[in-house]
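Close look at the chain arrangement
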Amino acid sequence: MLKSWLTKETDQPPIHPILPDPREASMPEKAEVVVSANDSVDKTMTAASSKKRKRGEYNQSFDSEQKLKMAKYICEHGVSKAVRHFSTQTEKSINESTIRTLKTEYLLNCKLNRMVLIQKYLLKVKDVDRH
């Protein structure tokens, strides 16, 4: 226990195996420089690995009426033109993927609504045929 207290920093091996070993320095001053450099590299590597990429803010929430108008515009004019149009209209950058998602949701909704209408019609026809 006392031995660890008596040893200098220069007597310790480097934290990362790729860094130079201060124990191999020819002079104590060089060993201190190596220790200092190793500490700086270690701090930099630790800081770089702990940083997470910050995501952009997402403040673009559209109500259902806006989404419907946007989706109709997208279907009529295309995705690229819609991106430019709504980005300038809202003065915020809107991703192309957001526009594509709105279009896909709208088309699926239209398809489901058509299917429901067809089923209702078929049920009415069956009821009329029974009577």
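Keep in mind the model is a prediction, meaning the values are calculated, not measured. (Residues numbered from 1 in each chain as written. Predicted model: local features only at pLDDT ≥ 70, side-chain atom pairs only at ≥ 80, totals over all residues. Heavy atoms only, no water.)

When helices and strands are counted, the chain shows 5 helices and 0 strands. Ordered by position from N to C terminus, the α and β elements of the chain give α-α-α-α-α. For the chain, the proportion of its 131 residues judged to be buried stands at 19%. (Helix = DSSP H or I, 4+ residues; strand = E, 2+ residues; numbered from the N terminus. Buried < 20%, exposed > 50% of the residue type's maximum accessible area, 1.4 Å probe, protein only.)

Moving on to the pattern of salt bridges. Any two side chains of opposite charge can pair, so long as their charged atoms come close to each other. On inspection of all chains with the given rule, the structure shows 2 salt bridges. Taking the shortest distance from any N to any O, the salt bridge between lysine 69 and glutamate 65 comes out at 3.6 Å. Within this pair, lysine 69 and its partner glutamate 65 are both found in helix α3 (residues 64–77), separated by 4 residues, close to a single helical turn. No difference in accessibility class separates lysine 69 from glutamate 65, as the two residues are exposed. Across the pair arginine 100 and glutamate 96 runs a salt bridge, and its minimum N-O distance is 3.2 Å. With a gap of 4 residues between them, arginine 100 and glutamate 96 both fall in helix α5 (residues 96–130), about one helical turn apart. Note on arginine 100: relative accessible area 42%, which makes it partly exposed. (Salt bridge = Lys/Arg side-chain N within 4 Å of Asp/Glu carboxyl O.)

A contiguous nonpolar surface patch, about 390 Å² in accessible area, is contributed by Ile118, Tyr121, Leu122 and Val125. In this structure, leucine 122 sits in helix α5. (Patch = residues over 30% accessible without salt bridge, like charges linked within 9 Å, V, L, I, M, F, W, Y side chains within 5 Å. Areas by Shrake-Rupley, 256 points an atom, 1.4 Å probe, with all protein chains shown as cover.)

Looking now at the environment of aspartate 21. Mapping aspartate 21 onto the fold places it in the loop between α1 (2–6) and α2 (28–50). On the accessibility criterion, aspartate 21 (16% relative accessible area) is buried. Aspartate 21 sits 14 residues away from valine 35 along the chain, and the two C-alpha atoms are 8.2 Å apart.

This next bit is on α3. For α3, which comprises 14 residues, the first-to-last C-alpha distance of 20 Å matches the rise-based estimate of 20 Å (1.5 Å per residue) to within 8%. Along α3, the positions that sit buried rather than exposed are Met70, Ala71, Tyr73 and Ile74. Projected down its long axis, α3 shows its buried positions confined to an angular sector of 165°, all on one face. The outward face of α3, more than 90 degrees from its buried face, is lined by the exposed residues Ser64, Glu65, Lys69 and Glu76. Two residues or fewer after α3 comes glycine 78, characterised by a positive phi angle close to 95°. (Expected span 1.5 Å × (residues − 1). Arc of directions from axis to C-beta.)

Further remarks concern helix α4 (residues 79–90). Here α4 is 12 residues long and its end C-alpha atoms lie 16 Å apart, about the 16 Å a rise of 1.5 Å per residue gives. Along α4, the positions that sit buried rather than exposed are Val79, Ala82, Val83, Phe86 and Ser87. Projected down its long axis, α4 shows its buried positions confined to an angular sector of 125°, all on one face. With respect to the buried face of α4, the exposed residues turned more than 90 degrees away are Arg84, Thr88 and Gln89. Buried residues belonging to α4 abut α3 and α5. Positive phi appears at glutamate 91, one or two residues downstream of α4, with a value of about 60°. (Contact = heavy atoms within 4.5 Å.)

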